[in-house]
Amino acid sequence: MAPGAPARETCGAGRQRCFGAARARAERAMAPEPSGDGSGAAGGGSRVCFSGVEILAPMVRASTLALRLECLRYGADLVFGEEIIDKKLIGAARVENSAFGTVDFVSPREKVLIFATSKEERSRVFFQMGTADAALATQAAMLVARDVRGIDVNMGCPKSFSVKGGMGAALLSTPEVASDILRALRRNLPESCALTCKIRMLETTAKTRDFMQLCEKSGAEAVTVHCRTRDERPAEPAHWDEIMRLWDAVKVPVICNGDFFTRRQIDEFWKFCHGAGAADGAAAGEKAGPSGIMIARGALWNPSIFCRDASVVPSFEDMVRNYVRAAVRANSTYQNCKWVLSQMLAGGVGVTAPNEFVGVPTKAFNRQLSTMKSMGAICEKLGIPHDAASFPQQAHMTTYYRGWEPLDAQAAAAAAGGTLPQKRPGDQHREEIEDVAPELRGEADDDAARKRARTEA
Ligand SMILES: Cc1cc2nc3c(=O)[nH]c(=O)nc-3n(C[C@H](O)[C@H](O)[C@H](O)COP(=O)(O)O)c2cc1C
């Protein structure tokens, strides 16, 4: 927890108060995990402790499994996956990928990976969904609900793709739809699965407070506020001052997002909150402000931002190498790994990348990076041992699932009972071909017999 992070705490569904960092961490550790065995027998509800949390934000292309695991390793309390649209997930097959120890959700039609998660993060990962429809949202969420800690509804994305489809920030102007989605999700999700939403500020403080209250009433167990309005660009400063007018609109935890790029800024933020709280005359012993913070670009440029202990912060080169190792372990595509690396090497506000990287000027390294066509090439350049032969053939490629066939109905039923065969896509594919081969051989024999009969006739 950040020094001075607020003691005020409301924990998930049970709204229990817990005080102080040690207690918060202990409670987080004790919070029940989804069972993940398909039984839903997590018990005790979805209680997630948001006290003093530091969270990796949802980021398209960035908040994939490798970055999430790195952020958790450095000390993030929770991690949110990139936004995935409900319709994209619906119909996906759940595949246990024993080659990488991941649970993959794969589109049977396009044969591409949609979402990958792993046991390591199960108790701390939120699946973020883009949706404009309660029924579709529910259908999609139910597919992943037992493999994640919670579902987050994106109510802040201002991109035209989202808004035109009634998703993201469009939901801020259609509160009845936003409410329907949350209610339907809460009604249908297993108790073990938490429900949150991420919003932007509306035009006035009063409107934002009203919207937050609507989210709370509809079942959200925490509300993240990205402290910018729908029309404000990322380069414009986030309104930290506004969070002090919003945090007490609801009883559920409020998470503040926007412009946390360094540890010093995080500390300044908490000092600012407490100063403002004192000025507002917060009750004695009660510290004012949001429950936690959420970091997007700051974590993409430097996942070790989550390290609270300065003595264990890695060097820039080690941080990058660690990320690449995680990308290899998580079966990231080499293209995704390259993109994340390019962001780390570019840096941004308050996070300056070094002029030189692995002995070459960073600009020259970036040019070399752009020509690399495999995970092996990236590893070689960074001096990381990599044996491509120890992975399935299409590992680290977008074509990993191209040769894969969904399980037949019987195996799928067995999978629902938690006994999904632990096979690489290639193995599973081969097995299914072998299963149908006798029938195919029979048909081929019949054809040959018919041909012979015709010739003899
Ligand atoms: C590359 C990138 C992708 C993003 N994708 C998402 C997303 O999928 N869902 C979402 O709610 N916000 C998304 N955002 C917004 C961030 O979650 C966050 O709200 C915003 O960047 C402000 O936080 P920051 O100042 O810490 O960067 C994205 C931001 C970036 C930079």
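The name an unreviewed UniProt entry assigns to the chain is DUS-like FMN-binding domain-containing protein, from the organism Prorocentrum cordatum. What the UniProt record of the chain gives under Cofactor (unreviewed entry) is the line "FMN".

(A) The overall build of the chain, seen in detail. What the chain contains, in helices and strands, is 16 helices and 14 strands. A buried classification covers 44% of the 457 residues belonging to the chain. Within the chain, contacts between residues separated by at least 24 positions form 69% of all contacts whose residues are at least 6 apart in sequence.

(B) How the structure looks around the site of the ligand. Contacts to the ligand come from 24 residues, most closely from Ala57, Met59, Glu83, Ala296 and Arg297. A breakdown of the residues in the shell around the ligand according to their chemical character gives 11 nonpolar, 7 polar and 6 charged.

(C) Here's a closer look at helix H6 (residues 175-188). For H6, which comprises 14 residues, the first-to-last C-alpha distance of 20 Å matches the rise-based estimate of 20 Å (1.5 Å per residue) to within 8%. Tucked inside the fold, the buried residues of H6 contact helix H4 (134-144), strand S8 (150-155), strand S9 (194-201) and helix H7 (205-218).

(D) Representation of the environment of Glu221 within the structure. Within the secondary structure, Glu221 is located in the loop between H7 and strand S10 (223-229). Sequence separation of Glu221 and Phe50 is 171 residues, and the distance between their C-alpha atoms is 9.7 Å.

(E) Quick look at the confidence of the model for the chain. With 77% of its residues at a pLDDT of at least 70, the chain reaches an overall mean of 83. Counting interchain partners and residues more than four positions distant, the pLDDT-below-50 stretch residues 418-457 has 27 contacts.

(F) Seen up close, the sheet that holds strand S5 (residues 102-107). Taken together, the 3 strands give an open sheet; going across it, the order is S4-S5-S6, and neighbouring strands pair in antiparallel fashion. Edge strands, defined here as strands with exactly one partner in the open sheet, are strand S4 (93-97) and strand S6 (112-118). Pairs of neighbouring strands in the sheet enclose a mean axial angle of 30°, with direction left out of account. Bridging between S4 and S5 involves 5 bridges; their strand directions are antiparallel. From the neighbouring strand, Glu96 faces S5, where its bridge partner is Val103.

(G) Local environment of unusual backbone geometry. Here Lys111, not a glycine, exhibits a phi torsion of approximately 55°, which is positive. Its place among the elements puts Lys111 in the loop between S5 and S6. Phi is positive for Asp259, close to 70°, though the residue is something other than glycine. In this structure, Asp259 sits in the loop between strand S11 (254-257) and helix H9 (263-279).

(H) Highlighting the packing of helix H11 (residues 316-329) against helix H12 (residues 334-346). Across the interface, H11 lies against H12 with an axial gap of 11 Å and an inter-helix angle of 165°. Put simply, H11 runs roughly antiparallel to H12. Our pair here, H11 against H12, has a crossing hand that is right-handed. The segment H11 lies against H12, with Val320, Tyr323, Val324 and Ala327 engaging Cys337, Val340, Leu341 and Met344. Class assignment for the residues of the contact of H11 with H12 results in 8 nonpolar, no polar and no charged.

(I) Region of interest: the nonpolar core. Membership of the largest hydrophobic core comes to 115 residues, with the highest contact counts inside it found for Ile55, Ile151 and Val223. Not counting the four nearest positions on each side in its chain, Ile55 is found in contact with Ala76, Asp77, Leu78, Val79, Phe80, Ile255, Gly292 and Met294.

(J) View of the environment of Asn336. Tracing the chain through its elements places Asn336 in helix H12. Note on Asn336: 19 C-beta atoms within 10 Å, which makes it partly exposed. Separated by 275 residues in sequence, Asn336 and Arg61 have C-alpha atoms that sit 6.9 Å apart. When near neighbours in sequence (up to four residues on either side) are disregarded, Asn336 contacts Arg61 and Thr64.

(K) Region of interest: the pairing of strand S7 (residues 125-130). When you tally the buried positions in S7, you get 6 out of 6 residues, the bulk of the element. Residue alternation in S7 divides its side chains into two sets, Val125, Phe127 and Met129 and Phe126, Gln128 and Gly130, and both sets are buried. Bridging between strand S2 (residues 78-80) and S7 involves 2 bridges; their strand directions are parallel. Its bridge partner lying in S7, Val79 is registered against Val125. Pairing of strand S3 (residues 84-85) with S7 involves 2 bridges; the strand directions are parallel. Paired with Ile85 across the strands is Gly130, a residue of S7. Here S7 pairs with S8 via 4 bridges, running parallel.

Rules used in this analysis
Residues numbered from 1 in each chain as written. Predicted model: local features only at pLDDT ≥ 70, side-chain atom pairs only at ≥ 80, totals over all residues. UniProt positions renumbered as here; feature names shortened; annotations may be inferred. Helix = DSSP H or I, 4+ residues; strand = E, 2+ residues; numbered from the N terminus. Buried ≥ 20, exposed ≤ 12 C-beta atoms within 10 Å, placed from the backbone. Contact = placed C-beta atoms within 7 Å. Near = placed C-beta within 6 Å. Nonpolar A, V, L, I, M, F, W, Y, C, P; charged D, E, K, R; others polar. Expected span 1.5 Å × (residues − 1). pLDDT = per-residue confidence, 0-100. Pairing = 2+ DSSP bridges. Axes fitted to C-alpha atoms, helices over the stretch in contact; angles between N-to-C directions. Parallel < 35°, antiparallel > 145°, perpendicular 65-115°, else oblique. Left-handed = near helix turned anticlockwise from the far one by under 90°. Core = buried A, V, L, I, M, F, W, Y, C linked by C-beta atoms within 7 Å.

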